[in-house]
Amino acid sequence: KTKAKSPTKAPVGAPFKAYQSNLKVGDKAPHFEGIDQNGNTVNLNDLTGKKVILYFYPKDDTPGCTATACSLRDEYQFLGQKNYAVVGVSADDQASHAKFASKYELPFPLLADTNQTTIQAYDLWGKKIFIGKSYDRIIRTTFVISENGTIEQVIHSVDTASHAQQILSL
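Only a predicted model underlies this, so the values are computations on that prediction, with no experimental measurement involved.

Colleague: What's the story with the side chain of asparagine 43 in this structure? I'm lost.
Modeller: Within the secondary structure, asparagine 43 is located in strand β3 (residues 41–43). Looking at asparagine 43, the relative accessible area reads 9%, which means it is buried. Of the polar contacts made by the side chain of asparagine 43, one reaches the backbone nitrogen of asparagine 45; its length is 2.9 Å. Here the side chain of asparagine 43 touches aspartate 46 through a polar contact of 2.9 Å, landing on its backbone nitrogen. Discounting residues that sit within four places of it in the chain, asparagine 43 has contacts with His31, Phe32 and Glu33.

Colleague: Looking at this structure, how should I read the pattern of salt bridges?
Modeller: Any two side chains of opposite charge can pair if their charged atoms end up close together. Summed over the entire model, instances satisfying the criterion amount to 6 salt bridges. Among the salt bridges present, the one from lysine 24 reaches aspartate 27, with a minimum N-O distance of 3.2 Å. A salt bridge links aspartate 136 to lysine 127, with the shortest nitrogen-to-oxygen separation between them at 2.9 Å. Classification of aspartate 136 as buried rests on a relative accessible area of 12%.

Colleague: How do you make sense of the pairing of strand β4 (residues 51–56) when you look at a structure like this?
Modeller: A regular strand places its side chains so that they alternate between the two faces of the sheet. With 6 of 6 residues buried, β4 is to be regarded as a mostly interior element. Judged by which residues are buried, β4 turns out to be covered on both faces: Lys51, Ile53 and Tyr55 on one side and Val52, Leu54 and Phe56 on the other are all buried. With 6 bridges connecting them, β4 and strand β5 (residues 84–90) associate as parallel partners. Directly across from isoleucine 53, in β5, lies its bridge partner valine 86. Sheet topology note: the β4/strand β9 (residues 141–145) ladder contains 5 bridges and is antiparallel. Bridge pairing in β9 places valine 52 opposite isoleucine 145.

Colleague: Would you mind going over the sheet that holds β4 with me for this structure?
Modeller: Consider a sheet: its strands pair through backbone hydrogen bonds, and that pairing is either parallel or antiparallel. On the basis of which strands lie adjacent, the open sheet formed by 5 strands has the order β6-β5-β4-β9-β10 and mixed pairing. Two strands close off the open sheet at either side, each with one partner strand: β6 (110–112) and β10 (151–155). Each adjacent strand pair in this sheet contributes to an overall mean axis angle of 20°, direction not counted. Docked against the sheet, helix α3 (residues 94–104) engages β5 and β6, running at close to 160° with respect to β6.

Colleague: What am I meant to see in the pairing of β5 here?
Modeller: The buried count for β5 comes to 7 of 7 residues, which makes it a mostly enclosed element. Of the two faces of β5, both are covered, the one formed by Tyr84, Val86, Gly88 and Ser90 as well as the one formed by Ala85, Val87 and Val89. One ladder, built from 3 bridges, connects β5 with β6; its direction is parallel. Across the sheet, the residue bridging to glycine 88 is leucine 110, located in β6.

About the cut-offs
Along each chain, the written sequence defines residue order, and numbers are assigned to residues from 1. In keeping with the predicted nature of the model, local features appear solely for residues at pLDDT of at least 70, side-chain atom pairs appear and are counted solely at 80 or more, and the whole-chain, interface and lining totals rest on all residues. Each side-chain value is worked out from all heavy atoms of the structure, with water and hydrogens disregarded. In DSSP terms, a helix is any run of H or I states spanning at least four residues, a strand is any run of E spanning at least two, and both are numbered starting from the N terminus. The cut-offs for exposure are 20% and 50% of the maximum accessible area for each residue type, with area from a 1.4 Å probe on protein chains only; residues under the lower value are buried, those over the upper are exposed, and the others partly exposed. Each polar contact in these results corresponds to two N or O atoms within 3.5 Å; when the atoms are within protein, one needs to be able to donate a hydrogen and the other to accept it, and residues that are neighboring in sequence are counted only if both atoms are side-chain atoms. Two residues qualify as a contact provided that any one of their heavy atoms is within 4.5 Å of a heavy atom in the partner residue. Whenever Lys or Arg places a side-chain nitrogen within 4 Å of a carboxyl oxygen from Asp or Glu, that contact is recorded as a salt bridge. Strands qualify as paired when DSSP identifies two bridges or more between them. Think of each axis as a best-fit line through the C-alpha atoms, taken over the contacting stretch in the case of a helix, with angles from 0 to 180 degrees between the N-to-C directions.

Interpretation note: all reported values are geometric properties and have no functional meaning in isolation.
This is the structure we're talking about:
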């Protein structure tokens, strides 16, 4: 398993290419299974027949991650009417997810991927530059998975404030 490393200074003048998953539209979605904030096991097989919004985010209760979760929360009922199931994934633990979900009244599961099994399966651990420093971390990305388990959309540029609308407009 890969753990977060201390930030390193990004080389001056070196072009930085943002890391992206190698998974693409049309690929079979990797299986995922994890424990959510309520202690329930959630996996891809249980969601067969639904379109799955599987969104990966860096950290509970941070500004961008909160905006994304609240956007999906605010449209959750409408997304459900459109046959979507929403599942969030980060490397935070179950207790952190429980606090985050409770604080913002999130009605969908947040998987505690502390061993980064799902994060690695979706190829979302990579370099990110923040305030001039390079970090290894989860790359914020959303996958829309079809009812039959294939990837329909990969959203690399997540609009944190309007993510539900971003998905619905695809």
